[in-house]
Amino acid sequence: MRLRLAVLLLASLSPLACLHRNPNEQIAPRPDPIEVRVKNENYLDVNVALVVSGVSHRLGTVTGNAAGTFHVPYSLVQSESFYVVGTPIGGSERYVSPPVVVAEGQLIEFRIASFLRQSTVVVREP
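The structure contained in this document is the topic of the report that follows. What you are looking at is a predicted structure, and each value in this text was computed from that prediction instead of being measured. (Residues numbered from 1 in each chain as written. Predicted model: local features only at pLDDT ≥ 70, side-chain atom pairs only at ≥ 80, totals over all residues. Heavy atoms only, no water.)

Attention now moves to the overall build of the chain. Along the backbone of the chain there are two helices and eight strands. In the chain, the order of α-helices and β-strands from amino to carboxyl end is α-β-β-β-β-α-β-β-β-β. Out of the 126 residues in the chain, the part that is buried amounts to 27%. (Helix = DSSP H or I, 4+ residues; strand = E, 2+ residues; numbered from the N terminus. Buried < 20%, exposed > 50% of the residue type's maximum accessible area, 1.4 Å probe, protein only.)

Now the structure itself:
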């Protein structure tokens, strides 16, 4: 009985041994992450997030009157628009950008203004 199981197992795995990758086939390189540069001109610390397909992805916190840089996998934002959100810690309002679309190799600059509603999001080449 064990011999039959062993033979059956080897027979089922033998087609997998014949599979191999064509040496002339090139693997597409993984795109670089999208860089998000944040300049916080507000005195409050601000939580930064991206909202993609209605799901919030927290990037981190940028302290008041400071700057921070985050990296987002390109696969997260490659096929659709998303929103950049800034939520001050201890504040009563938040900033939500207009829809943002980014291409591979571009970066996002998020300037958090002292008056939150005057904040801006810009997509540009590095």
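What follows picks up the thread again.
Let's shift gears to the packing of aromatic side chains. This model, assessed by the stated rule, comprises one aromatic pair. For the pair Tyr 95 and Phe 110, a centre-to-centre distance of 5.7 Å together with 25° between the ring planes defines the contact as stacked. With Tyr 95 in strand β6 (residues 95–96) and Phe 110 in strand β7 (residues 107–112), this residue pair connects regions lying 15 residues apart in the sequence. Judged by its relative accessible area of 10%, Tyr 95 is buried. (Phe/Tyr/Trp six-rings, centres within 6.5 Å; stacked < 30°, edge-to-face > 60°.)

Further remarks concern unusual backbone geometry. The phi dihedral of Ser 53 falls on the positive side, at around 55°, and the residue is not glycine. Mapped onto the elements of the fold, Ser 53 is located in the loop between β2 (46–52) and β3 (55–62). On the basis of relative accessible area, Ser 53 is assigned to the exposed category, the value being 53%. Even without a glycine there, the phi angle at Asn 65 is positive, about 55°.

What follows covers the pairing of β2. Of all seven residues in β2, five are buried; the element is thus mostly enclosed. Pairing geometry for β2 and β3, over seven bridges, is antiparallel. Residue pairing across strands places Val 51 opposite Ser 56, the latter belonging to β3. (Pairing = 2+ DSSP bridges.)

Right, let's talk about the sheet that holds β3 for a bit. The antiparallel open sheet is built from four strands, whose spatial order is β3-β2-β5-β6. The outermost strands of the open sheet, each flanked by one partner alone, are β3 and β6. As paired strands, strand β5 (residues 83–88) and β6 are joined by two bridges and run antiparallel to one another. Pairing of Val 85 across the sheet is with Val 96, part of β6.

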